[in-house]
Amino acid sequence: MHNKDIGIGSRRVRTREATDVATARHALRLAVIVAGTLFLSGCGISQITSGLGSDVFGSSEEEPENADWTATITEEGMLEAARSDTSGRIDASGPASGCPRFKIWPADRHITVYEPGRVGERLAMRHRGSITKVARECQINGPQVSVKYGFAGRVLMGPRGQDGTVELPVNLYLTRGDGSKIRTERMMVEVELRRENPVDYFSVVRTISFEAEPGTSPSSYKLFVAFDREIPGAS
């Protein structure tokens with residue numbers, strides 16, 4: 001096919017360049033639309049948060065049918081995140097790809113353990129724990145929801161602390177949108193404290209699965225992590 005001449009000299013060149021630019025712009029718009037569609041169709045997304053802001057990262061690649069789900073949250077990654085920022089303040093992880101939110105139970109992000117009969121006395125403190133990082137990612141298949149969650153933090157030895165292993169109880173709550181609890185899971189975090197090393201870090205990564213109730217969406221559910229203060233000397 002022959003090009004039809006339009007004008008002469010530099011005018012013909014500009015006409016052809018304008019056609020090429022328009023074609024390139026059209027291709028770019030199509031690429032953006034396709035990329036956006038693939039991103040929104042991704043079945044998993046991760047989010048890790050701290051008191052200094054939040055970083056969101058995830059996978060937008062479509063998984064082949066029946067492929068194993070490979071999650072990106074690891075205990076090592078959570079531990080490193082806790083070590084790099086010990087502000088102790090939390091930004092709640094927001095909605096992402098329809099996943100349930102994951103937060104710290106408002107009043108229980110810290111726990112302080114005192115000597116018996118001396119709760120509240122600063123010089124009687126044995127140790128103080130803080131949850132400083134939370135993260136989660138999920139896989140949704142109809143009403144079936146699998147959430148891989150992680151949390152991390154630190155424990156600081158107090159004036160009356162002793163060398164050795166410290167274990168602190170933690171609860172995970174799965175709730176409906178109205179705040180009513182569906183499930184509670186209890187676990188322990190463990191650290192080693194020494195006078196020469198009075199602070200240590202912990203991390204936990206687990207998966208919880210549930211079925212969304214009829215008429216509800218996975219994003220309406222929430223996960224909460226909290227220290228369990230039902231131990232002697234805790235406040």
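Residues numbered from 1 in each chain as written. Predicted model: local features only at pLDDT ≥ 70, side-chain atom pairs only at ≥ 80, totals over all residues. Heavy atoms only, no water.

Per an unreviewed UniProt entry, the recorded name for the protein is Lipoprotein, and the organism is Dichotomicrobium thermohalophilum.

### Details of helix H2 (residues 75-84)
Because each turn of an α-helix spans 3.6 residues, side chains separated by three or four positions end up pointing in the same direction. Along H2, the residues that are buried comprise Met78, Leu79, Ala81 and Ala82. One side of H2 carries all its buried residues, which in axial view fall inside an arc of 160°. Turned more than 90 degrees away from the buried face of H2, the exposed residues are Glu76 and Ser84. (Buried < 20%, exposed > 50% of the residue type's maximum accessible area, 1.4 Å probe, protein only. Helix = DSSP H or I, 4+ residues; strand = E, 2+ residues; numbered from the N terminus. Arc of directions from axis to C-beta.)

### Re the side chain of Asn171
With respect to the helices and strands, Asn171 occurs in strand S7 (residues 164-175). With sequence-adjacent residues up to four places away left out, Asn171 is seen in contact with Thr184, Glu185, Arg186, Phe224, Val225, Ala226 and Asp228. (Contact = heavy atoms within 4.5 Å.)

### Focus on the sheet that holds S7
Taking strand neighbours across the sheet as the criterion, the 4 strands line up as S3-S10-S7-S8 in an open arrangement whose pairing is mixed. Only two strands of the sheet have a single partner each, and these edge strands are strand S3 (101-104) and strand S8 (181-193). Direction aside, the axes of adjacent strands within the sheet are offset by 20° on average. Two strands pair when backbone bridges link them, and S7 and S8 are joined in this way by 12 bridges, in the antiparallel orientation. Across the sheet, residue Thr175 finds its bridge partner in S8, namely Lys181. (Pairing = 2+ DSSP bridges. Axes fitted to C-alpha atoms, helices over the stretch in contact; angles between N-to-C directions.)

### Side note on the nonpolar core
A general trend in soluble globular proteins is that nonpolar side chains are found buried together. In this structure, Phe151 and Val225 are the most contacted members of the largest nonpolar core, which totals 33 residues. Every element with two or more residues in this core is listed here: S3, strand S4 (110-114), strand S5 (125-141), strand S6 (144-157), S7, S8, strand S9 (199-211) and strand S10 (222-227). Among the elements that make up this core, the one with the highest residue count is S6 (6 residues). With 8 residues, the next largest nonpolar core counts Ile73, Met78, Ala152 and Val205 among its residues. (Core = buried A, V, L, I, M, F, W, Y, C linked by side-chain atoms within 4.5 Å.)

### Concerning the pattern of salt bridges
In the structure shown here, the tally under the stated rule is 8 salt bridges. A salt bridge links Glu115 to Arg118, with the nearest nitrogen and oxygen atoms 2.9 Å apart. A residue is classified by how much of its surface remains accessible, and Glu115, at 16% relative accessible area, is buried. Owing to a relative accessible area of 28%, Arg118 belongs among the partly exposed residues under this scheme. Where Arg186 meets Asp228, a salt bridge forms, and the shortest distance between an N and an O atom there is 3.1 Å. On the criterion of sequence distance, the pair formed by Arg186 in strand S8 and Asp228 in the segment after S10 is long-range, its members being 42 residues apart. Looking at Asp228, the relative accessible area reads 11%, which means it is buried. (Salt bridge = Lys/Arg side-chain N within 4 Å of Asp/Glu carboxyl O.)

### Let's talk about the layout of surface pockets
Its boundaries defined by the atoms lining it, the largest pocket holds a volume of some 260 Å³. Val113, Arg126, His127, Thr165 and Val166 are, among the 16 residues lining the largest pocket, the residues nearest its centre. Contributions of two or more residues to the lining of the largest pocket are made by S4, S5 and S7. Considering every element that reaches the lining of the largest pocket, the biggest residue donor is S7, with 5 residues. (1 Å grid on protein atoms, 1.4 Å probe; cavity = no way out; pocket = protein on both sides within 12 Å on 5 of 7 lines; lining within 4 Å. Points joined across faces, edges and corners; volume = space filled by probe spheres on them.)

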